[in-house]
Amino acid sequence: MKTKDIIKVSCAQISPVWLNKGKTTQKTEAYISDAGNDHSDLVVFGEALLPGYPFWLSLTNGTAFNSKMQKEIHAHYIRNSVNIEEGDLENICKIANDKKIAVYLGIIERAKNRGGHSLYCSLVYIDKSGIIQSVHRKLQPTYD
């Protein structure tokens, strides 16, 4: 096997700075940079890393849609969701380009180009040139 036929993949099993888009983005950027410095070709992050998995739903009667607490935490979750069209991933793309590393990143996305009314549990693929090549969207994380 030739060296050029080998792909080095890093798996970043990290926790978010829960429900904090800014700090989780910074943490993700650092891991991408580290993986690039380690000569990885691809770094993969888990589902809903940015800004974090909505696990409170199973702990706080998340189906109580008229609950003041549920409305407040959901509004906070929306505010911390990722909006690709507004540039929330631009710096991550720049680091991918600088380090020549591809990235698979799990995000909670509020897609403006889909009306901005729903949150998607999305998987974003960023190539080694720092270009978003695909966004796979599903309506919700699949825990509960």
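Residues numbered from 1 in each chain as written. Predicted model: local features only at pLDDT ≥ 70, side-chain atom pairs only at ≥ 80, totals over all residues. Heavy atoms only, no water.

Could you clarify how one ought to interpret the sheet that holds strand β5 (residues 132-138) in this entry?
Across a sheet, strands are paired by hydrogen bonds formed along the backbone, either parallel or antiparallel in direction. In space, the 5 strands of this open sheet follow the order β1-β2-β3-β4-β5, with mixed pairing throughout. Whereas interior strands pair on both sides, the edge strands pair on one side only; in this sheet they are β1 (9-12) and β5. Going from strand to strand, the sheet's axes swing by 25° on average, the running direction of each strand aside. Of the strand pairs in this sheet, strand β2 (residues 42-45) and strand β3 (residues 102-110) are connected by 3 bridges, and their pairing is parallel. Each residue of the ladder has a partner; that of Val44, found in β3, is Tyr104. Most of the contacts of helix α4 (residues 90-99) go to strand β4 (residues 119-126), to which it runs at about 20°, and overall it touches β3, β4 and β5. (Pairing = 2+ DSSP bridges. Helix = DSSP H or I, 4+ residues; strand = E, 2+ residues; numbered from the N terminus. Axes fitted to C-alpha atoms, helices over the stretch in contact; angles between N-to-C directions. Contact = heavy atoms within 4.5 Å.)

Honestly, the pairing of β2 in this entry has me stumped. Any pointers?
The two faces of a sheet get side chains in turn, since along a regular strand they alternate between them. Pairing of β1 with β2, which is carried by 4 bridges, proceeds in the parallel orientation. In the sheet register, Cys11 faces β2, and the bridge partner there is Val44. Once the chain exits β1 it traverses helix α1 (residues 21-37) before rejoining the sheet at β2, and the crossover so formed is right-handed. (Right-handed = clockwise from strand over helix to strand, strands pointing away.)

Honestly, the pattern of salt bridges in this entry has me stumped. Any pointers?
As a working rule, side chains carrying opposite charge can pair if their charged atoms are close by. Under the definition given, this model contains 8 salt bridges. Residues Asp38 and Lys8 are paired through a salt bridge, measuring 3.2 Å at the closest nitrogen-oxygen approach. Residue Asp38 is found in the loop between α1 and β2, and its partner Lys8 is found in the segment before β1; the two are separated by 30 residues along the sequence. A salt bridge links Lys112 to Glu86; its shortest N-O distance comes to 2.7 Å. Taken together, the residues span a long stretch of sequence, with Lys112 in the loop between β3 and β4 and Glu86 in the loop between α3 (68-79) and α4 at a distance of 26 residues. Among the residues examined, Lys112 registers a relative accessible area of 49% and is labelled partly exposed. (Salt bridge = Lys/Arg side-chain N within 4 Å of Asp/Glu carboxyl O. Buried < 20%, exposed > 50% of the residue type's maximum accessible area, 1.4 Å probe, protein only.)

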